[in-house]
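Structural characterization, general
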Amino acid sequence: MRLGIALALLAAVAACSGKGKNGTTAGGGSGGPALLVKKVSVSWGIDPGADAAEVFLVTTDETGKQVSHPLGTYQGKCTTIFPPAEMGAITGVACVMGGGGTELHAIARPDEIVVLKLGTAANVKPDPMARELVTVVKVPLGIAIEAQQ
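Analysis parameters
- Residue numbering note: each chain is counted from 1, following its sequence as written.
- Only residues with pLDDT of at least 70 get local features here, since the model is predicted, and only at 80 or more are side-chain atom pairs given and counted; chain-wide, interface and lining totals rely on the full set of residues.
- Side-chain metrics in this entry use all non-hydrogen atoms of the structure; hydrogen atoms and water are not considered.
- Secondary structure elements are taken from DSSP: a helix is a run of H or I of four residues or more, a strand is a run of E of two residues or more, and numbering for both begins at the N terminus.
- Here the term buried applies to any residue with accessible area under 20% of the maximum for its type, exposed to any over 50%, and partly exposed to those in between, with areas from a 1.4 Å probe on protein chains only.
- Contacts are residue-level and defined by heavy atoms, with any inter-residue pair within 4.5 Å sufficient.
- Each residue gets a pLDDT score, which is the predictor's confidence in that residue and runs from 0 to 100.
- A pair of strands is treated as paired once DSSP finds two or more bridges between them.
- To get an axis, fit a line to the C-alpha atoms, keeping to the stretch in contact for a helix; angles then go from 0 to 180 degrees between the N-to-C directions.
- Note on charges: Lys and Arg go in the positive column, Asp and Glu in the negative column, and His and the chain ends are not counted at all.
- We define a salt bridge as a side-chain nitrogen of Lys or Arg found within 4 Å of a carboxyl oxygen belonging to Asp or Glu.
- Pairing of N or O atoms within 3.5 Å defines a polar contact, subject to two protein rules: one partner must be a possible hydrogen donor and the other a possible acceptor, and residues neighboring in sequence count only if both atoms are side-chain atoms.

1. Topic: the environment of Thr-73
Note that Thr-73 resides in strand β3 (residues 66-75). Residue classification places Thr-73 among the exposed positions, given a relative accessible area of 53%. Every residue in contact with Thr-73, bar those within four places of it in the chain, is listed here: Ala-52, Ala-53 and Glu-54.

2. A few points about the confidence of the model for the protein
Averaged over every residue, the pLDDT of the protein is 81; the share at 70 or more is 74%. Between the elements of the protein, mean pLDDT differs from a low of 38, seen in helix α1 (residues 2-15), to a high of 97, seen in strand β8 (residues 132-138). Counting contacts from residues 1-29, a segment whose pLDDT is below 50, to residues more than four positions away or on other chains yields 13 contacts.

3. Topic: the sheet that holds β3
Each strand in a sheet pairs with its neighbour through backbone hydrogen bonds, running either in the same direction (parallel) or in the opposite one (antiparallel). Taken in spatial order, the four strands line up as β3-β2-β1-β9 in an open sheet, and their pairing is mixed. Each end of this open sheet is capped by a strand with a single partner; those strands are β3 and β9 (144-147). Pairs of neighbouring strands in the sheet enclose a mean axial angle of 25 degrees, with direction left out of account. Of the pairings in the sheet, the one linking strand β1 (residues 39-48) to β9 comprises four bridges and is parallel in character. Following the sheet pairing, Val-42 is matched in β9 by Ala-147.

4. Looking at the side chain of Glu-103
Among the structural elements, Glu-103 can be located in strand β6 (residues 100-109). Within the buried core, Glu-103 has no salt-bridge partner, and the shortest N-O distance to an opposite charge, that of Arg-131, equals 7.6 Å. A polar atom in the side chain of Glu-103 sits 2.8 Å from the side chain of His-105.

As structure tokens, then:
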């Protein structure tokens, strides 16, 4: 009797293993629903003024829902940048006025996006350790985080 129940359970598990008749996995093959990949795209919102700009971190999830996170007002003309690799950032903004300015860097972590700011000066290599925390945006653990320029 126990052997019969065990075989029935094994057969049920095998039937639900995700393999279809054509050898494709459930949801990924032809005819099945597509898998929804959980991700957040990170971009910047810049509202320029006469000599300063308001900067926002914008997160967009896989459904298209956007959330704007205000980061403050920064002097100069602000544009998106790719920070140097040693900064560990996926995207950034540089606000430049005269010979210096401010950079904002977005760093992806497993469950958050950390935004740091860094003062810059002409002809001076920026120090990653000189950055200051601006904000932390929590995201679900394990979600893919990508930069959108």
